[in-house]
Amino acid sequence: MPRSNRPKNGKGRREEPAELNLDVALRGVKHTLVKRGVEYTVQTSSGANAEDDKQWICPHCNMVIVKGVVHIVAFDTHRGVATRRHFHNACWASWQGSLL
Ligand SMILES: [Zn+2]
């Protein structure tokens, strides 16, 4: 009896999975978003590569974002990274203010 694990006629052949871009996966996908007429550059952060005692205050709820928590990093695209702030994911979604 022939031993073969190969499917006949190419049936069952799996599609090659799209190559996982680790760099993008780790650093998050950067995109832009407009809130109240201001364009923001938005990126998700895993918070994992933060310095040991690094923590951020979310401008929406004024609560600390602890290290290792996936969150949003956003800055005013035109004013640049000096306006960058860290938000909880849910806070970013409901935040309608402006960056200082
Ligand atoms: Zn928050």
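Keep in mind that this is a model prediction, so the values were computed, not measured. The residue numbers shown here count from 1 along each chain, following its written sequence. Where totals are concerned, whole chains, interfaces and linings use all residues; where local detail is concerned, this predicted model gives features only for residues with pLDDT of at least 70, and gives and counts side-chain atom pairs only at 80 or more. Each side-chain value is worked out from all heavy atoms of the structure, with water and hydrogens disregarded.

**Here we look at the pattern of salt bridges**
Item 1. In the sections that follow, a salt bridge refers to a side-chain nitrogen of Lys or Arg positioned within 4 Å of a carboxyl oxygen of Asp or Glu. Applying the stated criterion to the full structure yields one salt bridge.
Item 2. Linking R79 and D76 is a salt bridge whose minimum nitrogen-to-oxygen distance equals 3.3 Å.
Item 3. On the basis of relative accessibility, which here comes to 6%, the residue D76 falls in the buried class. Remark: exposure states derive from per-residue accessible area (1.4 Å probe, protein chains only) relative to the maximum for the residue type, with buried under 20%, exposed over 50%, and partly exposed in between.

**A few points about the coordination of the zinc ion**
Item 1. Coordination here is defined by N, O and S atoms within 2.8 Å of the metal (3.2 Å for Na, K and Ca), and since water is not considered, a site can look incomplete. Ligation of the zinc ion by protein atoms is provided by C58 (SG), C61 (SG), H88 (ND1) and C91 (SG), these donors lying 2.0 to 2.3 Å from the ion.
Item 2. The geometry test gives tetrahedral to four donors whose angles all lie between 85 and 135 degrees, gives square planar to four donors and octahedral to six donors whose opposite members are over 155 degrees apart with all other angles between 65 and 115, and gives irregular to the rest. Classification of the site at the zinc ion as tetrahedral follows from its four donor atoms and the range of 100 to 116° in their angles at the metal.
Item 3. Binding-site remark: the zinc ion is held by donors from one chain whose sequence spacing is C-x2-C-x26-H-x2-C. With C61 in the loop between β3 (56–57) and β4 (64–65) and H88 in the loop between β6 (85–87) and α2 (89–94), this residue pair connects regions lying 27 residues apart in the sequence. Runs of H or I in DSSP of at least four residues are treated as helices and runs of E of at least two as strands, each being numbered from the N terminus.

**Let's talk about unusual backbone geometry**
Item 1. One non-glycine residue, R36, lies in positive phi territory at about 45°.
Item 2. Mapped onto the secondary structure, R36 falls in the loop between β1 (31–35) and β2 (38–45).
Item 3. Exposure remark for R36: the relative accessible area of 65% places this residue in the exposed category.
Item 4. Backbone geometry at N62 places phi at a positive 60°, although glycine is not the residue there.
Item 5. Note on placement: N62 falls in the loop between β3 and β4.

**Notes on the pairing of strand β5 (residues 71–76)**
Item 1. Judged by how many residues are buried, β5 sits mostly within the fold: six of six residues are covered.
Item 2. Alternating residues of β5 divide into H71, V73 and F75 and I72, A74 and D76, and every residue in both groups is buried.
Item 3. Note: β2 against β5, six bridges, orientation antiparallel. Its bridge partner being in β5, T41 is matched across the sheet by F75.
Item 4. Two strands are counted as paired when DSSP detects at least two bridges linking them. As judged from the three bridges shared by β5 and β6, these two strands associate in the antiparallel manner. Residue V73 lies in a different strand from β6, and its bridge partner there is H86.

**Section: the side chain of S45**
Item 1. With respect to the helices and strands, S45 occurs in strand β2.
Item 2. Judged by its relative accessible area of 15%, S45 is buried.
Item 3. Note on contacts: a residue pair is in contact if any heavy atoms of the two residues lie within 4.5 Å. Filtering out sequence-adjacent residues up to four positions away, S45 remains in contact with V69, V70, H71 and V73.

**Quick notes on the packing of aromatic side chains**
Item 1. Aromatic contacts are taken between Phe, Tyr and Trp rings whose centres are within 6.5 Å, Trp giving its six-membered ring; a plane angle under 30 degrees counts as stacked, one over 60 as edge-to-face, and the others as tilted. Scanning all chains against the criterion turns up five aromatic pairs.
Item 2. Summarising the aromatic geometry, the rings of Y40 and W92 are spaced 5.6 Å apart at their centres and angled 90° between planes, so their arrangement reads as edge-to-face. Placement of the pair is Y40 in strand β2 and W92 in helix α2, with a sequence separation of 52 residues.
Item 3. On the accessibility criterion, Y40 (1% relative accessible area) is buried.
Item 4. By the ring-pair criterion, three or more aromatic residues cluster together here, those being Y40, F87, W92 and W95.
Item 5. For a ring to carry a charge above it, either NZ of a lysine or CZ of an arginine must fall within 6 Å of the ring centroid while also lying within 35 degrees of the normal to the ring plane. The ring of W92 has K35 lying over it, and the distance from NZ or CZ to the ring centre is 4.6 Å.

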